[in-house]
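In case you want the letters, here they are:
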Amino acid sequence: MATWSLFDTHTHFDVSDFDHDRETLAYQAKQVGVDALVLIGFLQSRFSKLKQTQHFLNGLSDQIAPKSYLAPGLHPFYIEQHLVEHLDDLEQILRTEKCVAVGEIGLDTFFKEHKNNAILEKQKQFFSAQIELAKQYDLPILLHIRKSHADVLAILKQHKFENGGIAHAFSGGVEEAKAFVKMGFKIGITGQITNPNAKKLHTVAQQLGSKHLVLETDCPDMTPLCCQLSNQQHTRNTPVNLPFVLEGLANSLMMEKVELAHELWNNSIAVLKI
Ligand SMILES: [Zn+2]
């Protein structure tokens, strides 16, 4: 058994990339110390698979597999596919399943198509509606933010949102990170921290310090540098790689891995109110 408990706070472990070996990976993840993971929503059409995956994983003994938690939501990047009635389907899950958060939600204006007024307006409407659902069910939120940190902060303030959550795969600067922390958010660190050239992310982690950070794989994406096979354009990321994220962060913060892991675990359960 591993000497630490790690919490993978952001996974898409429900997607079909894992259909052939999900159970094996769950056992392997537990063996390297991944004791818990969050399954995050992104599309209404995937809600039933998301729930089914959580039920399946929690049907395995927690002595040999990570405990898995549900965070359903409608992702801003897929905004064109969301319909207003999908919010009702989201609410139905919040009402009938044990959920730890609403996610992933937020704004994404990385591609110029998404900066188009009508699209951005629709993103803001779905973000606002989901913030209200989180308030109604007294849940934190898991944020996806690309090139829209100021807008996201402004919307959170408009809604007087106080349940906090996690700003996942954080790509903003130190001042933005501090603004999220002030609003009760932790900053999600992915495998990008294993890249010495990710200077902005290292600065954010170092300036904030371990007490405001949590770990995530964002699998199947964001593969740590060390796990990227040179003969593949994209190597699938899995929860089994989470210790490499821990190691990258420990190196960046010049901390002992065991001590850091302990602190990050406590941050995760505090912010998700587990
Ligand atoms: Zn994600």
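Owing to the predicted nature of the structure, the values given are computational and were not obtained by experimental measurement. (Residues numbered from 1 in each chain as written. Predicted model: local features only at pLDDT ≥ 70, side-chain atom pairs only at ≥ 80, totals over all residues. Heavy atoms only, no water.)

Regarding the UniProt feature "binding site: a divalent metal cation 2" (unreviewed entry) in the chain
Mapped onto this numbering, the UniProt entry annotates "binding site: a divalent metal cation 2" (unreviewed entry) at His-144 and His-168. In summary, the annotated positions, though distributed over 25 residues, converge in three dimensions, the widest C-alpha pair being only 5.8 Å. Along the chain, His-144 falls in strand β5 (residues 141-146). Since its relative accessible area comes to 9%, His-144 is described here as buried. Setting aside chain neighbours within four positions, we find His-144 in contact with His-75, Pro-76, Glu-104, Ile-105, Gly-106, Leu-107, Asp-108 and His-168. Position of His-168 among the secondary structure elements: in the loop between β6 (165-167) and α6 (174-182). (UniProt positions renumbered as here; feature names shortened; annotations may be inferred. Helix = DSSP H or I, 4+ residues; strand = E, 2+ residues; numbered from the N terminus. Buried < 20%, exposed > 50% of the residue type's maximum accessible area, 1.4 Å probe, protein only. Contact = heavy atoms within 4.5 Å.)

As for the nonpolar core
One broad trend across soluble globular proteins is that nonpolar side chains are buried collectively. Phe-127, Ile-141, Leu-143, Leu-156, Phe-180, Ile-187 and Leu-249 are the most contacted members of the largest nonpolar core, which has 73 residues in total. Residues in contact with Leu-143, not counting those within four places in the same chain, are Ile-105, Phe-127, Val-152, Leu-156, Ile-166, Ala-167, His-168, Phe-180 and Phe-185. Residues Phe-7, Ile-40, Ala-71 and Ile-166 belong to the second largest nonpolar core, which totals 13 residues. (Core = buried A, V, L, I, M, F, W, Y, C linked by side-chain atoms within 4.5 Å.)

A few points about the UniProt feature "binding site: a divalent metal cation 1" (unreviewed entry) in the chain
As recorded in UniProt, the sites labelled "binding site: a divalent metal cation 1" (unreviewed entry) are His-10, His-12, Glu-104 and Asp-218. Separation in sequence by 209 residues is not matched in space for these annotated residues, since their most distant C-alpha atoms are only 11.1 Å apart. Beyond its immediate stretch of four places on either side in the chain, His-10 contacts Val-38, Ile-40, Glu-104, His-168, Glu-216, Thr-217, Asp-218 and Cys-219. Tracing the chain through its elements places Glu-104 in strand β4 (residues 102-108). Non-local contacts of Glu-104, meaning those with residues more than four positions away in its chain, are made with His-10, His-12, Ile-40, Gly-41, Gly-73, Leu-74, His-75, Pro-76, Leu-142, His-144 and His-168. For Glu-104, the side chain forms a polar contact with the side chain of His-10, separated by 3.1 Å. (Polar contact = N/O pair within 3.5 Å; in protein donor to acceptor, adjacent residues only side chain to side chain.)

Overview of the pattern of salt bridges
Inspection of the entire model under this criterion finds nine salt bridges. One salt bridge connects Lys-49 with Asp-19, and the closest N-O pair in it is separated by 2.7 Å. With Lys-49 in helix α2 (residues 47-59) and Asp-19 in the loop between β1 (6-11) and α1 (22-31), this residue pair connects regions lying 30 residues apart in the sequence. You can call Lys-49 buried: its relative accessible area is 18%. Overall, Asp-19 belongs to the partly exposed group, its relative accessible area being 42%. Across the pair Lys-135 and Glu-132 runs a salt bridge, and its minimum N-O distance is 3.7 Å. One end of the pair, Lys-135, and the other, Glu-132, are both in helix α4 (residues 117-136), three residues apart, so they sit about a helical turn from each other. (Salt bridge = Lys/Arg side-chain N within 4 Å of Asp/Glu carboxyl O.)

Brief notes about helix α7 (residues 199-208)
Buried residues of α7: Leu-201, His-202, Val-204, Ala-205 and Leu-208, and no others. Within α7, the buried residues cover an arc of 160° as seen down the axis, which keeps them to one side. For α7, the exposed residues set more than 90 degrees away from the buried face come down to Lys-199 and Lys-200. Here the buried face of α7 lies against α6, β7 (185-189), β8 (213-215) and α8 (242-253). Where α7 ends, the next residue or the one after it, Gly-209, has phi of about 85°, a positive value. (Arc of directions from axis to C-beta.)

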